[in-house]
Amino acid sequence: MTSSPYPHLLSPLDLGFTTLKNRVLMGSMHTGLEDGRRHFPQMAAFYAERARGGVGLIVTGGFAPNIEGWAKPVAGTLATSAAARRHRQVTDAVHAEGGKIALQILHTGRYGYQPLCVAPSRIKSPISPFTPRELSARGIERQIRAFVRCARLAREAGYDGVEVMGSEGYFINQFLVTHTNQRRDEWGGSYANRMRLAVEIVRRVREAVGPDFIVIYRLSLIDLIPDGSSWPEVLELARAVVAAGATLLNTGIGWHEARIPTIATSVPRAAFTWVTKKLRDALREQGITTPVITSNRLNMPEVAEAVLARGDADMVSLARPFLADAEFVNKAAQGRRDEINTCIACNQACLDHTFANRLCSCLVNPRACQETGLTISKAAARKRIAVVGAGPAGLAAATTLAERGHEVHLFDAAAAIGGQFNMARRIPGKEEFEETLRYFTRRIEVTGVHLHLGARIGAEALAAQKFDEVILATGVTPRDPKIPGQDHPAVLSYIDVLLHRKPVGRKVAVLGAGGIGFDVAEYLAGGADLGHPSPTTDLPAWLREWGVADPEAQRGGVVRAQPAPPAREVLLLQRKPGKPGATLGKTTGWIHRAALKMKQVEMLSGVNYERIGRVDGPTGEAGRIGLFVTFGEGRKDGRVLAVDTLVLCAGQEPLRELQEPLQAVGVKVHLIGGALEAGELDAKRAIDQGTRLAAAL
Ligand code: FAD
Ligand code: NAP
Ligand code: SF4
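Caption draft 1: Region of the structure containing the overall build of the protein chain. Secondary structure summary: the protein chain contains 22 helices and 27 strands in total. What you see for the protein chain is a C-alpha radius of gyration of 27 Å, in line with the 26 Å of a compact globule of 697 residues. A principal-axis box enclosing the C-alpha atoms of the protein chain has dimensions of 75 × 70 × 45 Å. Across the 697 residues of the protein chain, 61% fall into the buried class. A separation threshold of at least 6 residues defines the contact pool for the protein chain, and within that pool the share at least 24 residues apart is 73%. For the protein chain, the computed accessible surface area is about 26,900 Å², with 51% contributed by carbon and sulfur atoms. Distance between charge centroids for the protein chain: 3 Å, based on 85 positive and 71 negative side chains.

Now the structure itself:
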């Protein structure tokens, strides 16, 4: 053990033939850099930066062993010596930084978003439009050989090991359960038959690569689908793959088609390490000491340290945290935990990009996967620069400028930095946004930004200070929906509710079902304003809410969800027809919709807000306010929605009142974030624009 602040996390792991310098594995992420030859130099720079940052072992994004295993057409494949030679750029770059790297072999089976996909049985998955071809016994043999060839080529390419992807509902996992394997030959039926593929692959990979090469097997510990693996089956497979030659057992949580969130920001930190502990304890009882790796929502060193200290695992896998901060491990080791740029688990620039076929990056670190394109270099000449607005855009700009050597003055009218993040962090399930504010608070100190809070700066004052450049990051102002009668005291804006904490009644209508409308509905239905705790900070409550059970008690670990009752009645309205929430994130929208359904939030679309007024008449609900609505283009089915409070979440408009007066007196201004464009604004765009402008000035 070292005398570091994280003795378990930073202690080496001896694998016999090699030693990992600490217990941190950078988990596999599909970044898009894997697909296409032209990305190899970028991929090498991406992994080399993480190796320099001190991580113990890197696992690459998945590479298919053959075309049948492609995640999508022309996905990254390692099947020839020529391809292996290209990988040398990556392995050499990582080794030059003193790192170690393993290649993930990913065969997607029926999850393949491509017409050549194959599977144990001809059963279409709910997440791909392509029905897989059922493999013959010879076809299965071909897949095994492809895995083995891929592992051999990985060794040839200079990798330190491979990870055989056996979880998340991919090809190997599809053989394990009857949900997807209905074969009657020696690859289906009994569990011994269903697990044969996994064991054969590991055994023959080990034979091919020799004893001194890392072979990680990623095992699905809790499938989170109704007819997933039973716990005895999970244990049997773990024992068998260890006997077949696995060096490390990594943890997989949930199939991709599971309807339980596993990595989103509303999932509690370290929510699933108890499952890894069950496996580790069971193996230890049988004398098996193969190191076990745990994963999912481990995003700060103290979280990972606690998991290791209580014996949940031997090693931790962190994936997205290495997009957010390449230096995670070095910062932890050097006692600079408060300088870590924390992954807030939003998925907005990583997984959402992957699903949209775009290169992955990171909301809080736009340099992720852009290491060769977006460089932050010392400024040629030091300038005096003013940044107005300390929301995400202004914070990114100010700290990047100061890092480059400029004298930076950051102004905000509020008493604290953060802009709208001060509202976002109050939403149950968005507690992580607090970390971004902590990071920027420290970053302001480290880079030496001059911070001026608590006064709205005007154009005159700015002009008088003769800055070389002025950046307006003044954000947005709520859109006025101009509904007749909206000046009624029971009509509030989302700012009144979230920031000023104005009291809200028992029955509420939220007008506008964009990102903020959804968040406000979740906040009010869950009773966050009434002091009800967020399930994200209470693991047992969260597990109950989503119906996650001990896999030993329930096959697959799924039971009926038991959400806490809603704190109040909430209606969520939008003017356009169609399903509310269409603009939410690709990989998280379904979670927000499911969370509101659990809280019995009623959603209405195609609503026209005619006017707001007193409720009267024989059925009038005394003391309530009425929102008079009609539906559709024909303005039909008029009715009154009687509620206690109306909350306006009707979008936003740019706030750039300083632009004209400054330009009028000849001051050079730049606009970023909401001040530039409010439509479809999010923190990803705000931080990206702030960083890029600052890198160029
Ligand atoms: P802002 O954050 O609006 O900051 C502007 C700042 O400028 C403010 O602090 C303001 O006080 C200051 N200012 C304005 N004028 C002056 C002046 N004259 N002098 C001094 N200071 C001034 N985005 C996501 O990407 N993901 C999410 O999950 C997400 N959730 C959200 C949840 C909620 C409830 C809310 C409200 C927003 C959420 N957002 C989310 C949106 C995100 O917060 C914004 O896109 C982002 O904050 C915009 O950044 P910005 O820097 O452009 O502006
Ligand atoms: P938004 O997503 O643009 O939604 C605004 C809502 O207001 C829409 O539902 C819109 O739909 C309605 N609206 C627009 N004009 C209106 C009018 N004149 N009268 C009444 N209703 C009107 O904006 P937002 O919810 O304010 O969010 C702001 C930004 O923050 C968004 O760009 C969003 O991406 C980001 N954000 C993201 C998240 C996230 O989880 N990723 C969460 C919160 C916020 P109708 O016109 O159909 O009613
Ligand atoms: Fe984490 Fe969000 Fe960055 Fe993805 S985009 S790595 S989830 S902070």
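Caption draft 2: Quick look at the site of ligand 2. The immediate surroundings of ligand 2 are formed by 20 residues, with Ala513, Ile516, Arg575, Lys576 and Leu681 found nearest. At 3.0 Å from a nitrogen atom of ligand 2 is found a side-chain nitrogen or oxygen belonging to Arg479. In the model, an oxygen atom of ligand 2 is placed 3.2 Å from a nitrogen or oxygen of the Gly514 main chain. Contact with the protein chains covers 79% of the free accessible surface of ligand 2, which is 890 Å². A class-by-class count of the residues in the shell around ligand 2 yields seven nonpolar, seven polar and six charged. Shared between two domains, the shell around ligand 2 holds at least three residues of each, these being domain 2 (384-478 + 653-696) and domain 3 (491-532 + 567-650).

Caption draft 3: The arrangement of the site of ligand 1 in detail. Contacts to ligand 1 come from 35 residues, most closely from Gln348, Asp412, Lys430, Gly674 and Ala683. For ligand 1, an oxygen atom lies 2.9 Å from a polar atom in the backbone of Ala393. Taken together, the residues that form the shell around ligand 1 break down as 20 nonpolar, nine polar and six charged. No fewer than three residues from each of domain 2 (384-478 + 653-696) and domain 3 (491-532 + 567-650) sit in the shell around ligand 1.

Caption draft 4: Seen up close, the packing of helix α3 (residues 137-156) against helix α6 (residues 196-209). Relative orientation of the contacting elements α3 and α6 amounts to 35°, with a least axis distance of 9 Å. Considering only the axes of α3 and α6, their crossing is right-handed. For the pair α3 and α6, the contacting residues are Ile140, Glu141, Ile144, Arg145, Phe147, Val148, Ala151, Arg152 and Arg155 in the first and Leu197, Glu200, Ile201, Arg204, Val205, Ala208 and Val209 in the second.

Caption draft 5: Inspection of the domain arrangement of the protein chain at higher detail. Segmenting the protein chain into domains produces domain 1 (13-355), domain 2 (384-478 + 653-696) and domain 3 (491-532 + 567-650). Centre-to-centre, using C-alpha coordinates, domain 1 lies 42 Å away from domain 3. Of the roughly 670 Å² buried where domain 1 meets domain 3, counting both sides, 66% is carbon and sulfur surface. Considering only the side of domain 1, the residues that lose the most area to domain 3 are Arg259, Asp352 and Phe355, jointly responsible for 56% of the buried surface there. Linking domain 1 with domain 3 are zero salt bridges.

Caption draft 6: Expanded view of the packing of helix α13 (residues 392-403) against helix α15 (residues 433-447). α15 packs onto α13 with a crossing angle of 25° between their chain directions and a minimal axis gap of 9 Å. On the basis of the axis angle, α13 is roughly parallel to α15. In the crossing of α13 with α15, the sense of the turn from one axis to the other is left-handed. For the pair α13 and α15, the contacting residues are Leu395, Ala396, Thr399, Ala402 and Glu403 in the first and Phe440, Arg443, Ile444 and Thr447 in the second. For the contact of α13 with α15, the class distribution of residues is five nonpolar, two polar and two charged.

Caption draft 7: Quick look at the sheet that holds strand β16 (residues 469-472). Strands sit in the order β15-β14-β13-β16-β27 across an open sheet of five strands; the sheet is parallel. In the strand order of this sheet, the two ends are held by β15 (450-453) and β27 (669-671), each with one partner. Within this sheet the neighbouring strands show an average axis-to-axis angle of 20°, counted without direction. Pairing between β16 and β27: three bridges, direction parallel. Among the inter-strand pairings, Val470 is bridged to a residue of β27, identified as Val669.

Caption draft 8: Focus on the sheet that holds strand β19 (residues 507-511). Within the open sheet, the five strands sit side by side as β18-β25-β19-β20-β21. Their pairing is parallel. Every other strand in the sheet has two partners, leaving β18 (491-493) and β21 (602-604) as the edge strands with one partner each. Sheet twist, expressed as the average angle between the axes of neighbouring strands with direction ignored, equals 25°. Judged from the three bridges that link them, strand β20 (residues 569-573) and β21 form a sheet pairing that is parallel. Within β21, the residue paired with Leu571 across the bridge is Glu602.

Procedures and definitions
Residues numbered from 1 in each chain as written. Chains lettered and ligands numbered in written order. Predicted model: local features only at pLDDT ≥ 70, side-chain atom pairs only at ≥ 80, totals over all residues. Heavy atoms only, no water. Helix = DSSP H or I, 4+ residues; strand = E, 2+ residues; numbered from the N terminus. Rg over C-alpha atoms; globule rule 2.2 N^0.38 Å. Buried < 20%, exposed > 50% of the residue type's maximum accessible area, 1.4 Å probe, protein only. Contact = heavy atoms within 4.5 Å. Areas by Shrake-Rupley, 256 points an atom, 1.4 Å probe, with all protein chains shown as cover. Lys, Arg positive; Asp, Glu negative; His and termini not counted. Charge placed at Lys NZ, Arg CZ, Asp CG, Glu CD. Near = heavy atom within 4 Å. Polar contact = N/O pair within 3.5 Å; in protein donor to acceptor, adjacent residues only side chain to side chain. Nonpolar A, V, L, I, M, F, W, Y, C, P; charged D, E, K, R; others polar. Domains from an automatic or database assignment. Axes fitted to C-alpha atoms, helices over the stretch in contact; angles between N-to-C directions. Left-handed = near helix turned anticlockwise from the far one by under 90°. Buried area = accessible area lost by both parts, 1.4 Å probe. Salt bridge = Lys/Arg side-chain N within 4 Å of Asp/Glu carboxyl O. Parallel < 35°, antiparallel > 145°, perpendicular 65-115°, else oblique. Pairing = 2+ DSSP bridges.

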